[in-house]
Amino acid sequence: MNSVVVSQLKIVGAKRILGFVIRWALLVVVTVAVTVPLTLLGVPSAALFAALLVGIVLALLGRAPSGVPRRAGLAAQGVLGVYIGTMVHRDALDALGGDWAIVLAVAVATLALSILAGALLGLHRDVTPLTGALALVAGGASGLVAIARELGGDDRVVAVVQYLRVALITASMPVVVTLVYHAAKTEHAAAPTQGGALPWYVSVGLLAVIVLLGTAAGRLVRLPGAGLLGPMAVTIVLELTGTSFGLAVPVALVQVGYAVIGWQAGVSFTRDSIRAIGRALPAALGLIVFLNVACAGLGVLLAHVAGISPLEGYLSTSPGGIYAVLATAVETGSNVTFIVAAQVVRVLLMLFAAPLLARGFASLSARLGRRRAYRRESTSASREPIRVAD
């Protein structure tokens, strides 16, 4: 009798393992199949977007894994943090010259506008104040999606709204550049390049050390999103001090990191959560348009003070679509190094300051008694955030 029970348990266990393997294999294969054409179309962070989309579809069909292991999510955050950090170069920041103060002031104003728009989105019945604040931060979309759950927000809402923001800005940029600024393509500029990269195996080893040290240091000082911001901070210090020795994160590793972050949000979707997010999308769309127009106004101010062209001011203050910004700057013969530096300042400010401000705003809202009974399908109490200091 006991042997029969043991045999049945083994069969059940084998079926569970097989089901686990099949679900993950399906998720990986379909994600790769969707990522390739999106990459060819020039979609920013194509692997993250594909993973999010595939995760949502498979989750709704009941074919997705139950979740992404926490350590895998933290490792993906670390890879992304180092990758963003390697984009910071001293020569680009030196291009700001004496205009760094106005560039920083414009970035701070963009952050304030983002938090204001997020606060307005947080008034929606299906979105918490913290989630709304993170969802409309104008920069570092993939980084914010990666740490949204850790901060206590709903990464599903943040992912959808952030990608709507990036998509709208990227799609509208060619139209605005052509119709408003009457820009034409030129061959007089070239994108900044980075040479002297380390061999991939050395970069991977250095990457692992930076992720471990950066995450540990971030947790020690209770930095929000330590898994992302800790390694990013260490990498930026190495880049600015010239001690990174040409560190370059392998493209394949970046794509895997993007995919893990996308899966983490995508496989958590349900039909009810889709409906809840759908109800919030019209408000999010209106706020994204408001944010884009307001940042264009800041671009006019920057152009006047810094003595650059209106087009360069617009590109320097675009609240997203940094890859489209760079491509447009190159094609129109704009001051690429200035624009890149201004965009780097914006993204870093958003990633480091926005989590602190968003969490502070949510705490203030709670103290003032403005908590509401949010619909569980949007922000469920069962989805516990990962504690920063654990």
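Residues numbered from 1 in each chain as written. Predicted model: local features only at pLDDT ≥ 70, side-chain atom pairs only at ≥ 80, totals over all residues. Heavy atoms only, no water.

J.: So what about the overall build of the protein? Which residues, and what values?
T.: Secondary structure assignment for the protein yields 15 helices and zero strands. The buried share of the protein, taken over its 390 residues, is 49%. Counted over contacts in the protein with a minimum sequence separation of 6, partners at least 24 positions apart contribute 80%. Accessible area of the protein: about 18100 Å², with a carbon and sulfur share of 69%. (Helix = DSSP H or I, 4+ residues; strand = E, 2+ residues; numbered from the N terminus. Buried < 20%, exposed > 50% of the residue type's maximum accessible area, 1.4 Å probe, protein only. Contact = heavy atoms within 4.5 Å. Areas by Shrake-Rupley, 256 points an atom, 1.4 Å probe, with all protein chains shown as cover.)

J.: Summarise the packing of aromatic side chains; cite the residues concerned and give the values.
T.: For the structure on display, the rule yields four aromatic pairs. The interplanar angle of 85° and the centroid separation of 5.8 Å between the aromatic rings of Trp200 and Tyr201 together place this pair among those described as edge-to-face. In this structure, Trp200 and Tyr201 share a single accessibility class: exposed. The rings of Phe20, Trp24 and Trp263 are connected pair by pair, giving a single aromatic cluster. (Phe/Tyr/Trp six-rings, centres within 6.5 Å; stacked < 30°, edge-to-face > 60°.)

J.: Outline the environment of Gly230, listing residues and values.
T.: Mapped onto the fold, Gly230 is located in helix α10 (residues 226-240). For Gly230, a relative accessible area of 5% gives the class buried. The spatial distance from the C-alpha of Gly230 to the C-alpha of Ile210 is 8.7 Å, given a sequence separation of 20 residues.

J.: Could you give me a rundown of the nonpolar core, with the residues and numbers involved?
T.: Formed by 100 residues in total, the largest nonpolar core has its most connected members in Val103, Met232, Trp263, Leu302, Leu315 and Leu351. No other element matches helix α15 (residues 336-367), which puts 15 residues into this core. When sequence neighbours within four positions are dropped, the list of residues in contact with Met232 reads Gly81, Ile84, Gly85, Leu348, Leu351 and Phe352. (Core = buried A, V, L, I, M, F, W, Y, C linked by side-chain atoms within 4.5 Å.)

J.: Residues and numbers for the environment of Val28, please.
T.: Note on placement: Val28 falls in helix α1 (residues 2-40). Looking at Val28, the relative accessible area reads 36%, which means it is partly exposed. As for Val28 and Ala51, which are separated by 23 residues in sequence, their C-alpha atoms are 8.4 Å apart.

J.: Give a detailed account of the confidence of the model for the protein, specifying residues and quantitative values.
T.: Per-residue pLDDT for the protein has a mean of 78; in total, 79% of the residues score no lower than 70. When pLDDT is averaged over each element of the protein, helix α13 (residues 310-317) comes out on top at 91 and helix α14 (residues 322-331) at the bottom at 69. Contacts from residues 188-193, a stretch scored under 50 in pLDDT, to residues over four places away or in other chains number eleven contacts. This model gives residues 370-390 a pLDDT under 50, and the stretch forms 59 contacts once residues within four places in sequence are excluded. (pLDDT = per-residue confidence, 0-100.)

J.: Quick one: what's the story with helix α2 (residues 46-60), residue by residue and with numbers?
T.: End to end, α2 covers 21 Å across 15 residues, agreeing with the expected 21 Å (1.5 Å per residue, within 8%). Most of α2 is tucked away, with eleven of its 15 residues classed as buried. For α2, the set of buried residues is Ala46, Ala47, Leu48, Ala50, Ala51, Leu52, Val54, Gly55, Ile56, Leu58 and Ala59. Gly62 occupies a position one or two residues after α2 and carries a positive phi of about 75°. (Expected span 1.5 Å × (residues − 1).)

J.: Please set out the packing of helix α3 (residues 70-85) against α10 residue by residue, giving values where relevant.
T.: Think of two packed helices as two axes; the pair is described by the angle between the axes and how far apart they sit. Contact geometry of α3 with α10 gives a least axis separation of 7 Å together with a crossing angle of 30°. By the angle between their axes, α3 is roughly parallel relative to α10. Two packed elements cross with a definite hand, and for α3 against α10 that hand is right-handed. Across the interface between the two elements, Leu74, Gln77, Gly78, Leu80, Gly81, Val82, Ile84 and Gly85 of α3 pack against Gly227, Leu228, Pro231, Met232, Thr235, Ile236 and Glu239 of α10. (Axes fitted to C-alpha atoms, helices over the stretch in contact; angles between N-to-C directions. Parallel < 35°, antiparallel > 145°, perpendicular 65-115°, else oblique. Left-handed = near helix turned anticlockwise from the far one by under 90°.)

J.: Kindly report on the pattern of salt bridges, identifying the contributing residues and their values.
T.: Between side chains of opposite charge, pairing is possible as soon as their charged atoms come close. Following the criterion strictly, the structure yields one salt bridge and no others. With a closest N to O distance of 2.9 Å, Asp154 and Arg156 form a salt bridge. When sorted by exposure, Asp154 lands in the same class as Arg156, which is buried. (Salt bridge = Lys/Arg side-chain N within 4 Å of Asp/Glu carboxyl O.)

J.: Please provide a residue-by-residue account of a nonpolar patch on the surface, values included.
T.: There is a patch of nonpolar side chains on the surface, built from Val28, Val32, Val36 and Leu40 and spanning about 370 Å² of accessible area. Along the chain, the position of Val32 falls in helix α1. The class of Val32 is partly exposed, set by a relative accessible area of 49%. (Patch = residues over 30% accessible without salt bridge, like charges linked within 9 Å, V, L, I, M, F, W, Y side chains within 5 Å.)

J.: An account of the side chain of Gln162 is requested, with residue identities and associated values reported.
T.: By the secondary structure assignment, Gln162 is in helix α8 (residues 155-179). On the basis of relative accessibility, which here comes to 0%, the residue Gln162 falls in the buried class. A distance of 2.6 Å separates polar atoms of two side chains, one belonging to Gln162 and the other to Arg165. (Polar contact = N/O pair within 3.5 Å; in protein donor to acceptor, adjacent residues only side chain to side chain.)

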